Each structure stands twice: as C-alpha cells, then as structure tokens.
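Each chain, letter by letter, is given below.
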Amino acid sequence: MSFGNVVIGPNGQVSLQGLESGVQTDQIIQALLTPYTDQINAVKNEQSAYSTQVTDWQAINTDLATLQSAAQTLASPFNWQAATATSSNTSVASATASTGTPQGSVSFTVSSLASNDSWLSSGSVASTGTVVDSNPGYLLSQASQYGFTSLVAGSGLSIGSHSFNVTQSLSAASTTSSSVTSGSTTITSGTNDTLSVKVNGTTYNLTLAGGTYSPSQLASAINSAATAAGAPLTASINAGGYLVLSTNLEGSSASLQVTGGTAVSTLGLSVMSSASSGSAGSVTVDGTVNAINNVMAGSTVSLNGGAISATIGNGVGNSSGSFTATNVSTGSGTLANLVSNINAANAGVTASAIQTGGGGYVLQLSSSTTGANSDLTVDPNAFTSSGLGVMNHTSAGSDAVVNVGGSGGYSVTSQTNTISGLLPGLSVQLYSTSGSPVTISVSTNVQGLTTDVQNLVNAANTALSDLQKYGGYNSSTQTAGPLIGQEAVSSLQQAILNTFATTLGASGLSSAMAAGISVVYNNSTGQDTIQFNQAQFQTELASNPSAVQNLFAQGGTFTTTSGLTGGTVSLIAGTNNTMAGSYPVNITAVATQATDNGTGVSGSVSTPETLTFNQTGGGSANYTTTSGETFSQVVTGLNAAFAAAGLTLSASLGGSGNIVVKSDSYGSAQSFSVTSSSGTGSTGLAGTFAGTDVAGTINGVTASGSGQVLSAPMSNPTLAGLTLGVTATTTGSGTFVYQPGIAQALATVSQEFSSPVGGVITTAISGLNNASNGLNSQITFYQNLSNQQKQALTNEFAHMEASLGVLKSQGSYLQSALASLAAQGL
C-alpha cells in the first residue's frame, strides 16, 4: 500500500521511495543510520559474550556438583565400612551386608522355614455357587498368640472390624525348671519316676513310665502320668527349652506346688515351700471390659454380653498388645461370595476355593503372613450344615529357625524367611532347610570402594577438562576459551590438583601415590589430569585398610588429658565448612541409658507377676513370671518378649543378682515404664526411667548433646557442625585433632566455589547477569536515537520528494503551455 512516495510493506514497515527523484532514499537512510546500528550490535555482542560465560560457568558448576557428590561418598568414615556377603550354599541361603557390618563369618544350619497357618474344609461342594453359610458374618482374626483358640460371632455382632485389648493376663499357676531340659533324659522305674504335686489344693502322685526321652517326649510322659493320676496339670517345653508345669485351671483360684518325688531333681524342678498362683484376666472389646477368671483351658467364655464366644487357650494375654478381629459379611452365602468377601476384608486371611480331582470345591483359609504368631482363630464348625463340613487345621504357622554353633550353640528365629541379628547389619534370606552348615562370610567391599574412588577421579578430571576448555588456550585451534584470564578458573584448577597431590588425611601413607593416585601432565591436551591405578589401590587397601581410609575420609585422633574412662571420643562427622585443626574437648556429663535396676535379689520368683513394659515410641511387651522361675530364666524370657514386640530394651543380671533392664540406646529420648500386676513383685521391676544426653564444649564452644553424640553449632565458622561420639562413662577433657582427608577436602572446594550462597562461581554468574542486564539500557538508548534519526531523515527526504514533485508538475505545465503557444504560431 502506498501513499504518495511513502510505502507501507506487508509487515507494517515504512519505506520511502524516490519516485520523483529516482534516488533509493530508503537505502540512503539505512546507510546514514549505520553508526547507530553498529553501536547497538556491539552492545548485543557484549551481552552474548556474557551469556556464553554464564553458560560455561554453569557447566563447571554442574561438574562441581558431581565432584562434591562423589567426594561426600568417600568423606564419611562410615562409608568405608562397606561390606559384601557371600554364602557357601546359595540354594539354602543368601545374604546382604549393609555398610558397617563387621567382617567375619557365621555358620548355621536351617532346621525350619517360616510358614503360614492353614485350614481346609473336610468336605466339598459341587460348585462355587453353592450356599455354604446362612449366618450373616464370619469372624476372623490372628488371636491365637493372645490366648484365644477360637472366636465365634454371635447374631448381634456387627459386620466389620472389632478391637481387642488384653489389659490383664489370665494365667494358670505354673512352675519352671531351673535349667534347660536335656536333649536326653532317662527315667528309671523305681529310681527317679515319681512326682508329687498339689494342684488347686489337692495332692496328686504321678508315676512316670521308664524310658529315655527327648524334651518333647518327656513332657508327653509327664502328661500321661498326670492323666493317669487324675491331676489337672499340663507339662510343656517353652521357647527357651525349659520344662513348664501349668494347671489346667486358669485364674486366681489356680495353684500349683511341687511337694516331692524321686523325679524332682531329674526334671530340673525343686520342692516348693509355697504354691504358685494363677491370675485373673481382663480383655476390652470395642471399649467394653470383660473379666475372665477361673476357666479351664479349652473352655468357652462369652464376651460383650454374648456378641462373641471365645475359646480359651493357654492363658489370655501371655503375649502383649492389641489385635483386631473382622466380622466378614457372608453376602449371599455362596462359596464364591464368601471367598471374595474374606479376601476383600484385608483381615490377614487369604481364602481360596480349590477344585478337587472329583470336580468339587473345598475351602482353604490361610494366614497372609508367616510365623508362629500368624495362626488364625476361626470357627471350625461354621460350615457343617453344608457340604464343606468341619474346617480342619492342616498346618500351623511356624517361624524360620537357624541353629548357630552346633549342639552347644543357640537358635535364632524369625517370623519370615529373612533372618537378622546373626551379625550387625547382616540380612540372611532362607530358601530351604539344611542339616549341613551354611557359612556366610562378610568382607570389605573392595570393588565397591574402588568404583567410588574411580568416580571421584573421573569427576575431578571432568572438572579439570572443562576448566581448560572454557578458561584455557587451545594451541591446536589457536583459540582462547571464553573464561581465559579469570582468576577463579586458575584458583579452582590448583585447588583440585593440590588436593590430590597433598596427603591431607591422617593416613601415615607417604603420599596419595601409595594408594594409586597420581597427577600427570598430558602433553597432547596441555593440562594436568588425575590417574588412578586400581590394582595398586586394592593392594594397599588389603594390606593397610585404615591408612587408605584415612587418606580419603574424614579422620582424627583424640588424646585424653584427664578422666574420660570406660570409653573414648571419636569423630562422627565434619561438614564442608569444618576447618582442620586441633580442638580442646571438655565433657561435663556423659550419656546414659534408661535403666531399671530391679530391687529383687532373691534369685528366683516367689510371687508370680505380669510385667508390662511400655517404651516411648516403641510399643509395649508383657511377661508373666512363674513361681520358682530363676532370675536368669526371667532375663531370657524378657529378652524374648522384647524381641517379639520390637522393643529396643535388653535385660541382664546385675552385680547383686538383680534383674537390670536397659534401653539399647543412650539419651533423653530413650525412656520406658514398667508396671507389675502385684505392685512390686519378686523382681522389683517398676517405675518410669529415662536416659540422659552427653554435655560439654568443643574448642570452648558449648556443643549440643543427643545421646552419645556431641555437636558443635553450625554457625561457628571454625567448627561448623563438627560432631563427635563420646562413649566414655566418666567426665573429663582432652584434645581432638580433626583432619579432613582428600575426599572431604574436595567436597569443601566444591562447596566453596559452587555454594548457592556466596560461592565463587555463584558470585561470578550473578555479576555477569547483572552486567548483561545493565547493557539493556544502552541498547534501548541507542535504539531510541536510531528511531528518532530515522524518522527525521524520512521526513526530510519526503519533503524533498514533495518539492521535486511540485517543480516537476510546474515544469510539465510550462512545457504544455509552451507547446500550445508554438502550435498557435505565437
């Protein structure tokens, strides 16, 4: 589109065409504006150079982040405890060792694998659409570990979950042998075959059949003798291998006293001066308290006014904790609907309709988990009106058991086929039983550490290569990098190289070269690189592991000036800002465990009691003592109860023969309480207990304590969070010398240059961005001048063209007039 001599292009640009003069006025204007556009382009080029430098610094920053990550992996002394585990028979067991697992080996046999509990219907139905239950609900739970063998829903029990909480143990009167029952016990008729007991006030004389018995056979022989004598008594072998005699009556009226007999000594029992007593129980169901007392094992009691019928096993509440029972809707009552609803209820039960060879279907109920505590409590007679018949208990849930150390060793159990506790940090996965020993060997993960050091060297070389690329001179192309001449580039190069070239650890090695690290100049690239000899590193690691660790990792030594006995002060960690140096340490208070020193010193239980332990943040556990049980047996039982409940508590015998319970960890965060059903029973364990934290100063600065960990404040510019472990049991003072090691030194260099707050590169990038942004005003200024000048020139040339147009018009008129006069002959 044109208006006279002014033309508007398709994109809105304005140009002037010399239609009258024939001159390319638009080109002339552009040429006249060249000084302005040159100035704008020069400023934009300067901005581009800044942008290139920012991009290069960002690439180096990324390199440093990788270097810092690789360095921090090796900086921690704990990571140098990386371990690997191997099995002598991977078809039986495999193992995984975590960092910190001590080197060594452990051998064991696998006597059993963990299994789940299973029930199977005695009969079958023709199809899954057959109605097998007319009741509205079917109550399922895993309550056998809490003393119930069956829970049956009444007509008034609502569908859904119901909470059970055993608040008071129901127990029989019992007594326990003073020693573990021998693997082989011989009973000789007329010599050591009689046992006199008083059960619930009545005396019974038992005569054992002669023979040589295993522990379980011995218990069976006693039970046969009790049945023959009419004694309401049951013998069993507990988890610790001790013989236990218990009354069949459970509750406060139950009593048991061993009064004599020729078999007393052989059985590990003793004549009792007084009878042991049982205790009444209490269980709360959906908030309603139900008292249970003086019932026979195997009898049924009513809970919540008949809403639930519970069959009692061997005591209610012998295991601590609460549980949930789920009343599952049977829906239409068909087998398919029942199976579907049970599986959807998430009640810890898996239901299956299994087709038999004859084309019918049977019902199988299995616990979703494995272990001895996985046994289900089901109503075995719920489906007797249908073809399914009675539910038979086909297999009980069992723990995995490994035996360590042969016949004189010990056993370790697990509810799953994963065993822990054989060595700290070692996890063993079991696949099959084996009577032949399997050996798990734990050694230093040499290959893993080699890879970590190689990663560190690679990261350092990448950083050095990019520093040379962006900040050096390429003699081949004769070009300089965008960052050449920048002091930060050369400073960072030297910091990285000097760290590798100098032995910074407390290693005692002559140099880093002894561990396979060397700095080599590359003639082809014109730069220094780090080389790593893996074979040399592995050789040195094998012969002198602590020296190699100290070369790379944070380390330090402590020298005691006074006190601090029973332990020492050691490094836990420094930070990227902790400075190497020698620091005085003064410990004013040592950390302690939460400890209950039981007051009972009689050595055995005279008054049975139920002990309840509640650990802050760790749950609870119950243990019921029996009359005549030795304190050593109580300790074993307590530790088993703690382990089963997941409590981090440990029991032991004190110097006075008393029972001592301690938290496994130290500090004020460790606390627990103990209550006894008899107030303060024979053990004298009762009360609330808490540990204390370490306290003191580092380099004169007050440090914070948490358990045995003493940490300097992060705000201190010298210590910057230096953290020490204090295991000493008395106060005192000394000096700690901190040395960072190669890896920590590299992490510190990376932090110094790349820190988001005050880092050298961060500051440089910020400065470049500010400088680039500052040029925007210059570009705007010159662009405005150019636009103004262009407008002025456009106006001038437009005026010129207009004037020429007038003159041309006048000339044409005169020419026409003259031509007219000439035609007239004038």
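What you see is a predicted model; the values in this text were computed from it and never measured. (Residues numbered from 1 in each chain as written. Predicted model: local features only at pLDDT ≥ 70, side-chain atom pairs only at ≥ 80, totals over all residues. Heavy atoms only, no water.)

### Notes on the overall build of the protein
- The secondary structure content of the protein amounts to eleven helices and 52 strands.
- In terms of overall dimensions, the protein is more spread out than a globule: its C-alpha atoms have a radius of gyration of 44 Å, far above the 28 Å expected for 826 residues.
- In terms of its C-alpha atoms, the protein occupies a principal-axis envelope of roughly 175 × 80 × 50 Å.
- The buried share among the 826 residues of the protein stands at 43%.
- Sequence separation of at least 24 residues holds for 70% of the intrachain contacts in the protein that already meet a minimum separation of 6.
- As displayed, the protein has an accessible area near 36,400 Å², and 50% of this comes from carbon and sulfur atoms.
- When the 6 basic and 27 acidic side-chain charges of the protein are each reduced to a single mean position, those positions are 18 Å apart. (Helix = DSSP H or I, 4+ residues; strand = E, 2+ residues; numbered from the N terminus. Rg over C-alpha atoms; globule rule 2.2 N^0.38 Å. Buried < 20%, exposed > 50% of the residue type's maximum accessible area, 1.4 Å probe, protein only. Contact = heavy atoms within 4.5 Å. Areas by Shrake-Rupley, 256 points an atom, 1.4 Å probe, with all protein chains shown as cover. Lys, Arg positive; Asp, Glu negative; His and termini not counted. Charge placed at Lys NZ, Arg CZ, Asp CG, Glu CD.)

### A few points about the pairing of strand S33 (residues 434-444)
- In terms of strand pairing, strand S4 (residues 83-87) meets S33 through five bridges, oriented antiparallel. Counted as the bridge partner of Ala85 is Val442 from S33.
- Both strand S6 (residues 104-112) and S33 contribute to a ladder of six bridges, which runs antiparallel. From the neighbouring strand, Val106 faces S33, where its bridge partner is Ile440. (Pairing = 2+ DSSP bridges.)

### A word on the sheet that holds strand S46 (residues 671-676)
- Read from one edge of the open sheet, four strands run S43-S42-S46-S47, paired in antiparallel fashion. The sheet terminates laterally at strand S43 (619-624) and strand S47 (687-690), the two strands that pair on one side only. Averaged over all pairs of adjacent strands, the angle between strand axes in this sheet comes to 15 degrees, irrespective of strand direction.
- Relative to S43, strand S42 (residues 610-615) is paired through six bridges, and the arrangement is antiparallel. Across the sheet, Phe613 pairs through a bridge with Ala621, a residue of S43.
- The strands touched by helix H9 (residues 631-645) are S42 and S43; relative to S43, the strand with the most contacts, the crossing angle is about 150 degrees. (Axes fitted to C-alpha atoms, helices over the stretch in contact; angles between N-to-C directions.)

### Focus on the environment of Gly705
- In this fold, Gly705 is placed in strand S49 (residues 701-706).
- Among the residues examined, Gly705 registers a relative accessible area of 28% and is labelled partly exposed.
- Along the sequence, Gly705 and Asn658 sit 47 residues apart, while their C-alpha atoms lie 31 Å from each other.
- Non-local contacts of Gly705, meaning those with residues more than four positions away in its chain, are made with Asp693, Val694 and Leu710.

### Quick word on the sheet that holds strand S41 (residues 593-597)
- One open sheet holds the three strands; their spatial order is S41-S45-S44, and the pairing between them is antiparallel. If you trace the sheet from one side to the other, it starts and ends with S41 and strand S44 (649-653), each paired once. This sheet shows a mean twist of 20 degrees between the axes of neighbouring strands, independent of strand direction.
- The pairing of S44 with strand S45 (residues 659-666) spans five bridges and is antiparallel. Residue pairing in the sheet places Ala651 in a bridge with Val661 of S45.

### A closer look at helix H6 (residues 487-501)
- Its 15 residues place the ends of H6 21 Å apart at the C-alpha level, agreeing with the 21 Å of an ideal helix rising 1.5 Å per residue.
- Among all positions of H6, only Ala488, Val489, Leu492, Gln493, Ile496, Leu497, Thr499 and Phe500 are buried. Viewed end-on, H6 has its buried residues packed into an arc of 160 degrees, placing them on one side of the element. Among the exposed residues of H6, those pointing more than 90 degrees away from its buried face are Glu487 and Ala501.
- Check the buried side of H6 and you find it contacts helix H2 (34-75), helix H5 (446-471), strand S36 (517-522), strand S37 (527-532), helix H10 (741-754) and helix H11 (760-823). (Expected span 1.5 Å × (residues − 1). Arc of directions from axis to C-beta.)

### A few points about the packing of aromatic side chains
- Scanning the entire structure with this criterion turns up ten aromatic pairs.
- Their ring planes at 25 degrees and their centres at 5.6 Å tell us that Trp80 and Phe552 sit as a pair that is stacked. Here Trp80, found in the loop between H2 and S4, pairs with Phe552, found in helix H8 (residues 545-552); they are 472 residues apart in sequence, far enough to count as distant. For the pair formed by Trp80 and Phe552, the shared burial category is buried.
- Seen from their ring centres, Phe164 and Phe323 are 4.7 Å apart, and the 15 degrees between their planes marks the pair as stacked. Remark: Phe323 occurs in strand S25 (residues 322-329) and Phe164 occurs in strand S10 (residues 160-168); sequence separation between them is 159 residues. (Phe/Tyr/Trp six-rings, centres within 6.5 Å; stacked < 30°, edge-to-face > 60°.)

### Focus: the confidence of the model for the protein
- On average, residues of the protein carry a pLDDT of 87, and 95% of them reach 70 or more.
- Residue range residues 12-19 is modelled with pLDDT below 50. Its contacts to residues more than four positions away, or to other chains, number 26 contacts. (pLDDT = per-residue confidence, 0-100.)

### Observations concerning the pairing of strand S32 (residues 426-430)
- Burial of S32 is one-sided: the residues Leu426, Val428 and Leu430 facing one way are buried, the residues Ser427 and Gln429 facing the other way are not.
- The pairing of strand S31 (residues 418-420) with S32 spans three bridges and is classified as antiparallel. Counted as the bridge partner of Thr418 is Gln429 from S32.
- Counting the residues that bridge the hairpin from S31 to S32 gives five residues, and of these Gly421 lies at a positive phi of roughly 100 degrees.

### Structural notes on the packing of H5 against helix H7 (residues 534-543)
- The geometry of H5 relative to H7 is characterised by a closest axis approach of 10 Å and an angle of 130 degrees between their N-to-C directions. Here H7 runs oblique to H5, going by the angle between their axes. Handedness of the crossing formed by H5 with H7: right-handed. Only Gln534, Phe537, Gln538 and Leu541 of H7 make contact with H5, whose side of the interface consists of Val446, Gln447, Leu449, Thr450, Val453 and Gln454.
- In terms of residue class, the contact of H5 with H7 is built from five nonpolar, five polar and no charged. (Parallel < 35°, antiparallel > 145°, perpendicular 65-115°, else oblique. Left-handed = near helix turned anticlockwise from the far one by under 90°. Nonpolar A, V, L, I, M, F, W, Y, C, P; charged D, E, K, R; others polar.)

### Some points on unusual backbone geometry
- A positive phi angle is found at Asn200, which is not glycine, with a value near 55 degrees.
- Among the structural elements, Asn200 can be located in the loop between strand S13 (194-199) and strand S14 (202-207).
- The backbone phi angle of Asn304 is positive, close to 55 degrees, even though this residue is not glycine.
- By the secondary structure assignment, Asn304 is in the loop between strand S23 (300-303) and strand S24 (308-312).
- The partly exposed category is assigned to Asn304, whose relative accessible area is 23%.

### Remarks on the environment of Ser155
- Secondary-structure assignment places Ser155 in the loop between strand S9 (148-153) and S10.
- For the pair Ser155 and Pro136, spaced 19 residues apart in sequence, the C-alpha to C-alpha distance is 7.7 Å.

### Quick notes on the nonpolar core
- Counting residues in each nonpolar core, the largest one holds 52 residues, and the members touching the most others are Trp80, Ile496, Phe500 and Phe552.
- For this core, the element with the highest residue contribution is H2, accounting for twelve residues.
- Leaving out residues up to four positions away in the same chain, Phe500 has contacts with Leu456, Val457, Ala460, Ala512, Ile517, Val519, Ile530, Ile742 and Leu746.
- If you look at the next biggest cluster of nonpolar residues, it comprises 29 residues, including Leu218, Ala221, Ile222 and Ala231. (Core = buried A, V, L, I, M, F, W, Y, C linked by side-chain atoms within 4.5 Å.)

### Some remarks on the environment of Asn79
- For Asn79, the location among the structural elements is in the loop between H2 and S4.
- Judged by its relative accessible area of 28%, Asn79 falls in the partly exposed class.
- The spacing of Asn79 and Ile40 is 39 residues in sequence and 57 Å in space, taken between C-alpha atoms.
- Dropping the residues within four chain positions of it, Asn79 is found in contact with Gln72, Thr73, Thr99 and Leu449.

### Some thoughts on the side chain of Glu629
- For Glu629, the position within the fold is in the loop between S43 and H9.
- Although Glu629 is buried, it makes no salt bridge; Lys662 carries the closest opposite charge, 21 Å away.
- A polar side-chain atom of Glu629 sits 2.4 Å from a polar atom in the side chain of Tyr623.
- A distance of 2.9 Å separates a polar side-chain atom of Glu629 from the backbone nitrogen of Thr626. (Salt bridge = Lys/Arg side-chain N within 4 Å of Asp/Glu carboxyl O. Polar contact = N/O pair within 3.5 Å; in protein donor to acceptor, adjacent residues only side chain to side chain.)

### Remarks on the side chain of His162
- Inspection of the secondary structure assignment puts His162 in strand S10.
- Classification of His162 as buried rests on a relative accessible area of 5%.
- Here the side chain of His162 touches Asp286 through a polar contact of 2.6 Å, side chain to side chain.
- Residues within four places of His162 in sequence aside, it is in contact with Leu157, Asp286, Phe323, Thr324, Ala325 and Asn327.

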